Every structure is written in structure tokens, then in C-alpha cells.
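# Residue-level structural notes
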Amino acid sequence: MPSLPVIEKDQVRHAGTAPDGGAFDAPAVDAHAAARADYCLRLGDDALVLGQRLSEWCGHAPALEVDLSLANLALDLIGQATHFLGQAGDADQLAFHRDVLDYRNCWLVEQPNGDFARTIARQWLFSTWQHLLYRALESSSDAAIAGIAAKGAKEVSYHRELAADWVVRLGDGTEESARRMAEGLDWCWRFIPELFEVDELLQGLIERGIAADPRQFEADYRAEISRVLVEAQIAAPADTRPILGGRRGHHGEHLGHLLAVMQHIPRLYPDATW
Amino acid sequence: MSDEWPLWEVFVRAKGGLNHRHVGSVHAPDSELALRHARDTYTRREEGVSLWVVPSASIVASDPADSGPMFEPAQDKVYRHPTFYDIPDVVTHI
């Protein structure tokens, strides 16, 4: 009777695909580090995908000044994405060589621009949430995450005010602008619950003091949204079945198209520099 | 859209203690948005610490056709420049 179990070839092959190559003395996979990296992907992907979406307005905005204003938001977000993805690995590699199922952004940010009002609706609903999140993350036990959030909070505070300002202008504007603003909010409304979803991974990070618990500021979020809607004279859309799953890599068809545009040059010419 | 928006002149103070200087103009429907547009257009590269916007319509300008009577009389009044004084060597920073 052999003293050791027989090792099948399949198992050898399987071990060979592990990051450590299945080496005998490889350290155990650090689950904590993996969870932290996943969280940084979520934060980074939100910023990256929305930044890319806003960049699509470049040259197409209603006025030159608005063009610049949206491009500024995009650049702030791409800067934040670079920092957060850098915490999860090589930022460029993660941004340009990762497939759609590995993206961890929420559904709201990947939504197509639509008209200007829908872009503003998406921006306002997201920036208001992101600002509360970054403010909470400033007291994260993870110094790197707290630092990125503190820098980002100043930028996002401006995004939030700018977007809220436009919501009021369009909502309390002409008949057409009010209709478009209401339609934009209708489109985006079902993606709000995902922002406050806490899965097992996030719960673990909250308990370790690394992640912020979005449920802590959900009431503040709802209050702020209501306040601006009243000023804009728009009725809040009805709550419908929420769309969830972005954090697990479940995305809509739109994200693939966005990534195709964003990634095709680096994928065609992986070593290109300019 | 921008055709209907009035024009605003933008002034930027580069740092504390300096004057606001005219840097250009933006289109905006009102003063609040004019300030945002000015921020996004003219202070993207840390150009300033303070911004003014003024409706272009509020600027009263001299008529270029009057530039003769307006400005030429000053041409031969060199004595208005404070350059005819001997400054003692001990006085610095002038």
C-alpha cells in the first residue's frame, strides 16, 4: 500500500494555475488582502467607468463651457480610479486588460449618457452617494484608502453641487427640460438600492474598519435627494424592482461596449507608448 | 444653447495680495453658473485663488474712435513719471 496519495495529472495542472504555481512552501492565500483588493476594485471601477462615460461628452456637450465642465469631472474621477486600482494591483493593467465580468462597478455608472438631463441625473445620484462614502472612508483604518478618499471628497463635493444645481435648473426650467429631467431620473432610479447593498465581503471589511458601511448614511442620502427634488419641483420616481449584482460582475450590455472603446487600443498594441 | 446665454467677463486673482486680472469670458445663463463655468474654464491648472465674474454688458468701454483726444495728450507729459529724482544709495527697494 503506497504511503502517499496518488497525485492525478489533473490536480497537478490545477495547482499549476494558482498564482503561486502550487509550490510546496508557498504562503497561504491572504483572504484579508484579497478582500481589500476587491473593495479597491469596486471603488476604482465606479470612478473609472463613470469617468469614461463622461469623457464621451467631450466635443458634444450643449455648450463649450459645459463640455469643459464635464471633462473636468471625468478627469477627477479617472484620477481617483488610478489611485484605487493602484491599491488593487497595476492600475493600467486592471483598467485595460480586464474583461467585463471582472469589473466590479455598480450599475448606475455604466448607464449610457442618454441626453444631457439623464447624464445629470446619473451624476447627481452617484456623486451625492460617492461624497457621503468618501467622507465616511476618511476615517478608514486603512491609511491608503483614507488618503485617497480625503483627496477625492473635495473633488466630489464640487461634482455633487454642480449636478444638484443642474437638476434644479432643468427641473424648474422649461416644460421640456422638466420632462427630460424627470425621464432621466426615472431611468436611473432603479440602480440606487445597489449603492446601499452590503454583501459578505463588504460586511467583513466594515467589521475590520477598512470599508465604510453605506447603510450608515442611507438616511442622509435619501434626505438630500428629497431636498433637491423639492427645489427642482420634480416628484420622486416610484421605487421599482432594484437592479443588483454589479459588485459580483453582473453587468448590463452597455458596459461591454464601453470597455470595447476604452480598451481596444491597449489590447491591440499592448506595448504601445506615446 | 450658448447663443442665448449672455457673456460674462472673468477676472482671476493668482494669489493673495495680487490684483484680479482679466483672463477672458464665458457664456452662462446667470451669475452662479458663470462662476462655475469660469472655474472650469480658467482655473483648471491652479491659476487662481479667487474669481470675479461681471456681466459683459455692464462694462463701459471707451470708444476707439476717441483714442486721439482720450490718450494722446498724455504722450508729451514725461514729467508725470517719477524719474527726475536722485535716489540716495541708502534707500533700497524702490
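Position numbers for residues count from 1 along each chain, tracking the sequence in the order it is written. Each chain is given a letter, starting from A, and each ligand a number, starting from 1, according to the order in which they appear as written. Where local features are concerned, this predicted model is filtered to residues with pLDDT of at least 70; where side-chain atom pairs are given and counted, the filter is 80 or more; whole-chain, interface and lining totals use all residues.

## Structural notes on the interface of chain B and chain A
C-beta atoms are first placed from the backbone for all residues, and any pair lying within 7 Å is then listed as a contact. Chain B puts 10 residues into the contact, and the matching count from chain A is 8 residues. Helix numbering and strand numbering both begin at the N terminus, where a helix is a DSSP run of H or I of at least 4 residues and a strand a DSSP run of E of at least 2. Those elements giving two or more residues to the side of chain B that touches chain A turn out to be strand 2 (20-27) and helix 1 (31-42) of chain B. Sort the elements by how many residues they give to the side of chain B that touches chain A and helix 1 of chain B lands first, with 4 residues. Residues that form the side of chain B that touches chain A fall into these classes: 3 nonpolar, 4 polar and 3 charged. Side-chain classes follow a simple rule in which Ala, Val, Leu, Ile, Met, Phe, Trp, Tyr, Cys and Pro form the nonpolar group, Asp, Glu, Lys and Arg form the charged group, and the remainder, Gly included, forms the polar group.

## Points about the sheet that holds strand 3 (residues 50-55) of chain B
Residues and elements named next belong to chain B. Being paired, for any two strands, means DSSP has found at least two bridges between them. Taken in spatial order, the 3 strands line up as 2-1-3 in an open sheet, and their pairing is antiparallel. Only two strands of the sheet have a single partner each, and these edge strands are strand 2 and strand 3. Pairs of neighbouring strands in the sheet enclose a mean axial angle of 30 degrees, with direction left out of account. Axes here mean lines fitted to C-alpha atoms, for a helix over just the part in contact, with angles spanning 0 to 180 degrees between N-to-C directions. Here helix 1 sits on the sheet and contacts strand 1 (7-13), strand 2 and strand 3; the angle it forms with strand 3, its principal contact strand, is near 130 degrees.

## Some details on the environment of Gly-184 of chain A
Residue and element names in this part refer to chain A. Locating Gly-184 in the fold gives a position in helix 8 (residues 175-189). Taking the number of C-beta atoms within 10 Å as the measure of exposure, Gly-184 has 28 and is therefore buried. Once the C-alpha coordinates of Gly-184 and Asp-115 are considered, the two residues, 69 residues apart in sequence, prove to be 8.0 Å apart. Apart from the residues within four sequence positions on either side, Gly-184 is in contact with Gly-114, Ala-117, Arg-118, Ile-120 and Ala-121. To sort residues by exposure, count the other C-beta atoms lying within 10 Å of each residue's C-beta; 20 or more gives buried, 12 or fewer gives exposed, and values between give partly exposed, all with C-beta atoms placed from the backbone.

## What to know about the packing of helix 3 (residues 64-88) of chain A against helix 7 (residues 143-171) of chain A
Residues and elements named next belong to chain A. The contact between helix 3 and helix 7 brings their axes to 10 Å, and the two run at 165 degrees. Classified by the angle their axes make, helix 3 and helix 7 are roughly antiparallel. In the crossing of helix 3 with helix 7, the sense of the turn from one axis to the other is left-handed. The residues of helix 7 that touch helix 3, namely those facing Ser-69, Leu-73, Asp-76, Gln-80, His-83, Phe-84 and Gln-87, are Ala-144, Ile-145, Ile-148, Gly-152, Glu-155, His-159 and Leu-162. Residue composition of the contact of helix 3 with helix 7, by class: 6 nonpolar, 6 polar and 2 charged. For classification purposes, angles smaller than 35 degrees are called roughly parallel, those larger than 145 roughly antiparallel, those between 65 and 115 roughly perpendicular, and all remaining angles oblique. The crossing is said to be left-handed when, going from far helix to near helix, the turn is anticlockwise and less than a right angle, and right-handed when the turn is clockwise.

## Describing helix 1 of chain B
Any helix carries an expected span of 1.5 Å times its number of residues minus one. With 12 residues, helix 1 of chain B extends 16 Å from end C-alpha to end C-alpha; this agrees with the ideal 16 Å at 1.5 Å per step. Taken as a whole, helix 1 of chain B has its buried residues at Leu-33, Ala-34, Arg-36, His-37, Ala-38, Arg-39 and Asp-40 of chain B. Contact partners of the buried residues in helix 1 of chain B: helix 3 and helix 7 of chain A together with strand 1, strand 2 and strand 3 of chain B.

## A look at the pairing of strand 2 of chain B
All names here are of chain B. Where strand 1 and strand 2 come together, 7 bridges link them in antiparallel fashion. Paired with Trp-8 across the bridge in strand 2 is Val-26. Hairpin connection, strand 1 to strand 2: the antiparallel pair is bridged by 6 residues, and Gly-17 has positive phi, about 95 degrees.

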